[in-house]
Amino acid sequence: MKKVYQVMSDMILPSIVFAAVVSILIGTALFARIGGRMDTGGEDFSRMADTETIEGLCERELPLIKCVGKKRWDVGECIMMSEVFAGADTEGNHVELVVLDITDQNGASVMECYNKETGQAIFSARGVYTFLLSATDRHQKRSTGMISLLVDER
C-alpha cells in the first residue's frame, strides 16, 4: 500500500503543477486578447490646460547649487554660507540653500561646527569638509549637491 501511495504521488504532484502552469499561460493569453478588444473610449486629457501646466513643471530643470567663494579656508576662520555657496533656479533667480549635513574626510558628521541661525561654520581642525546642500525653487523643484572645502593651517 505504501508503494502505491508513493507511485501515485510521483504521478499526481507533477501533473497538478503542470496543469497549474498551463492554466496560467492560457489565462494570460486569453486576458490579453480580451483586453485588446475592449473599447477604452473616454476623454483625452492630454490637451487640457492642467496637463500642460504639469508637464511644464515636470520638464523644468532642477535648481543649480554652486561654490562662488574660495575653496580653501584657514582653521578657525568664519565661513559664511551665503558668501561661499549660491543657488539659482532655471531663470537665474536666487534660491535659498539649506545645509543638510557637513562631513569630514572620514565621513563623520560635524554639524556641531555649523550655526544654523547665523549661517556660519567654524572648523577647529584642518581637513576636507563636504557640505550636503539642498535648494528648492518656487515651483517646489528640489535638488541636492555636495561641495567640499579645504580647511588648512598654511
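Residues numbered from 1 in each chain as written. Predicted model: local features only at pLDDT ≥ 70, side-chain atom pairs only at ≥ 80, totals over all residues. Heavy atoms only, no water.

1. Structural notes on the nonpolar core
The nonpolar side chains of soluble globular proteins are, as a tendency, buried together.
Turning to step 1, where the next piece is worked out: With 21 residues, the main nonpolar core has Met81, Phe85, Ile102, Phe123, Phe131 and Leu133 as its most contacted residues.
Turning to step 2, where the next piece is worked out: Every element with two or more residues in this core is listed here: helix H3 (81-84), strand E5 (97-103), strand E8 (127-136) and strand E9 (142-152).
Turning to step 3, where the next piece is worked out: Considering each element in turn, this core owes the most residues, 4 residues, to E8.
Turning to step 4, where the next piece is worked out: Sequence-distant contacts of Met81, defined by excluding residues within four places in its chain, comprise Val99, Tyr114, Gly119, Ala121 and Phe131. (Core = buried A, V, L, I, M, F, W, Y, C linked by side-chain atoms within 4.5 Å. Buried < 20%, exposed > 50% of the residue type's maximum accessible area, 1.4 Å probe, protein only. Helix = DSSP H or I, 4+ residues; strand = E, 2+ residues; numbered from the N terminus. Contact = heavy atoms within 4.5 Å.)

2. So, the state of the cysteines
Turning to step 1, where the next piece is worked out: In this structure the tally under the stated criterion is 0 disulfides.
Turning to step 2, where the next piece is worked out: Not engaged in a disulfide, the cysteine Cys67 finds its nearest cysteine sulfur in Cys78; these two sulfurs lie 15 Å apart.
Turning to step 3, where the next piece is worked out: Residue class for Cys67 comes out partly exposed when judged on its relative accessible area of 25%. (Disulfide = S-S within 2.5 Å.)

3. Regarding the sheet that holds strand E3 (residues 78-80)
Turning to step 1, where the next piece is worked out: An order of E3-E7-E6 is seen for the 3 strands of this open sheet, with the pairing classed as antiparallel. Each of the sheet's edge strands pairs with one partner strand only, and the pair in question is E3 and strand E6 (114-115).
Turning to step 2, where the next piece is worked out: One ladder, built from 2 bridges, connects E6 with strand E7 (residues 120-122); its direction is antiparallel. In the sheet register, Tyr114 faces E7, and the bridge partner there is Ala121. (Pairing = 2+ DSSP bridges.)

4. Side note on the sheet that holds E5
Turning to step 1, where the next piece is worked out: The sheet built from 4 strands is open, its strands ordered E2-E9-E8-E5 with mixed pairing. The open sheet has two edge strands with one neighbour each: strand E2 (72-74) and E5. Sheet twist, expressed as the average angle between the axes of neighbouring strands with direction ignored, equals 35°.
Turning to step 2, where the next piece is worked out: Here E5 pairs with E8 via 6 bridges, running antiparallel. Along E8, the bridge assignment pairs Val99 with Leu133. (Axes fitted to C-alpha atoms, helices over the stretch in contact; angles between N-to-C directions.)

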